[in-house]
Amino acid sequence: MGAVKIWNGMEVAKESAEKNCNAEIKSSSLTVDTSLSLPDMTPRVIILCKDLFKKWSNLDDSYFFVETVSGGITNLLLKVTVRADDGNEDSVTVRLYGPNTDYVINRQRELQAIKYLSAAGFGAKLLGVFGNGMVQSFIIARTLEPSVADMREPKLSAEIARQLHKFHQVEVPGSKEPQLWNDIFKFFKNASKLQFDDDEKQEKYKKISFNEVNNEILELKELTGLLNSPVVFAHNDLLSGNIMVNDDEGKLYFIDFEYGSYNYRGYDIGNHFNEYAGYDCDYSLYPSKDEQYHFIRHHLQPDKPNEVSDKDVEALYLEINVFMLASHIYWALWALIQAKMSPINFDYLGYFFLRYNEYNKQKGRWVSLARSCLSGKGSE
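Bear in mind that the values here come from a model prediction, so they are computed numbers and not experimental data.

> Looking at this structure, I do not really get a positive patch on the surface. What am I missing?
Taken together, Lys 201, Lys 204, Lys 207 and Lys 340 make up a surface patch of like positive charges. Here Lys 340 shows up in helix α10 (residues 310-341).

Below you can see the structure in the form of structure tokens.
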């Protein structure tokens, strides 16, 4: 672990303190090598924590306990617990960014958003930033899992819908321009000119018709533009692993705002529904019409879900499922870039085809229905 020029976290930490939007955010130029095993990584994580938090700087290493909380397909989450002689414990979460993730994530935008989302009661509190990650307060809760159908459980689904309604009310300074198509076109530009050293990967990659993908993007952009979906500050990555619940307290948390930006309401919800399928892309788990209606009613009127008109429910149902198509294209292109850039052992190329094939499977139904409704000829 060595001193490097921090990407932009130092400036953001300083800026935050100057603007008084939050308590002072600690900063360190140190980095932690994510390729190390946990035993080899632990001493480096301890040095980092001592550098960030002066109250711990003189403690013996034996006071620190480091464990893995989760390892997603881009980031590594660690829990660091400091146990004092009097038996008291203090825990923080250390999030290590996956290598090369800056190709697809705007870290400046993420850190800016966290300050305001935290103030509104979302996620963990940002405590510090360092060369390749951040430190946040530790949340005592479990992450949801698609395999046990957590997200579709009616009570939890309603609470997610209510929380997302509140999330969409948060005002974050900066451009209010929706980022969906900007990001998709940027991903497309980068994804369409890759070259893989691995011959098998290159052969799979060559099967992709980027002219076809480009035409699909242009057609879908035009269609979604006719739906007048409200622009809100969106999470954009509300998968099961980014939703936590404390079952004892009945409290639900959204975490990980890496992809947060101003975006279309329909996209944020459509993307969430796609995530019912998990990383395995089991789209038999996609929420049914009744399950979606349940979510929509609690999202539109959290306090009086039964008073939402059928017309409003049907309109949002259509909006969500057309934007669901855009979610497939977004993550399919994202996966191609990851296939080239990420050292993580995950079949990103295979993931592209799973997402793009599901897009093609669903496209006919929803594009046809949208055009029919927009021309005033009917509904599903």
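What follows continues from the structure just given.
> Would you mind going over the side chain of Glu 216 with me for this structure?
Considering the arrangement of structural elements, one finds Glu 216 in helix α7 (residues 210-225). Among the residues examined, Glu 216 registers a relative accessible area of 11% and is labelled buried. Beyond its immediate chain neighbours, meaning those up to four positions away, Glu 216 contacts Ile 329, Tyr 356, Tyr 359 and Lys 363.

> Is there a simple way to think about empty space enclosed by the protein in this case?
Empty pockets left among the atoms are what a rolling probe the size of a water molecule brings to light. Summed over the entire model, instances satisfying the criterion amount to two cavities of 30 Å³ or more. Taken as a whole, the largest cavity encloses approximately 40 Å³ of empty space. Along the walls of the largest cavity sit Glu 145, Pro 146, Ala 149, Asp 150, Met 151, Arg 152, Tyr 276 and Leu 285, which together make up its complete lining. In terms of residue class, the lining of the largest cavity is built from five nonpolar, no polar and three charged. In terms of lining, the second largest cavity is formed by Arg 109, Asp 183, Asn 236, Tyr 259, Ser 261, Asn 263 and Tyr 330. When grouped by side-chain class, the residues that make up the lining of the second largest cavity number two nonpolar, three polar and two charged.

Basis of the calculations
- Residues numbered from 1 in each chain as written.
- Predicted model: local features only at pLDDT ≥ 70, side-chain atom pairs only at ≥ 80, totals over all residues.
- Heavy atoms only, no water.
- Patch = residues over 30% accessible without salt bridge, like charges linked within 9 Å, V, L, I, M, F, W, Y side chains within 5 Å.
- Areas by Shrake-Rupley, 256 points an atom, 1.4 Å probe, with all protein chains shown as cover.
- Salt bridge = Lys/Arg side-chain N within 4 Å of Asp/Glu carboxyl O.
- Lys, Arg positive; Asp, Glu negative; His and termini not counted.
- Charge placed at Lys NZ, Arg CZ, Asp CG, Glu CD.
- Helix = DSSP H or I, 4+ residues; strand = E, 2+ residues; numbered from the N terminus.
- Buried < 20%, exposed > 50% of the residue type's maximum accessible area, 1.4 Å probe, protein only.
- Contact = heavy atoms within 4.5 Å.
- 1 Å grid on protein atoms, 1.4 Å probe; cavity = no way out; pocket = protein on both sides within 12 Å on 5 of 7 lines; lining within 4 Å.
- Points joined across faces, edges and corners; volume = space filled by probe spheres on them.
- Nonpolar A, V, L, I, M, F, W, Y, C, P; charged D, E, K, R; others polar.

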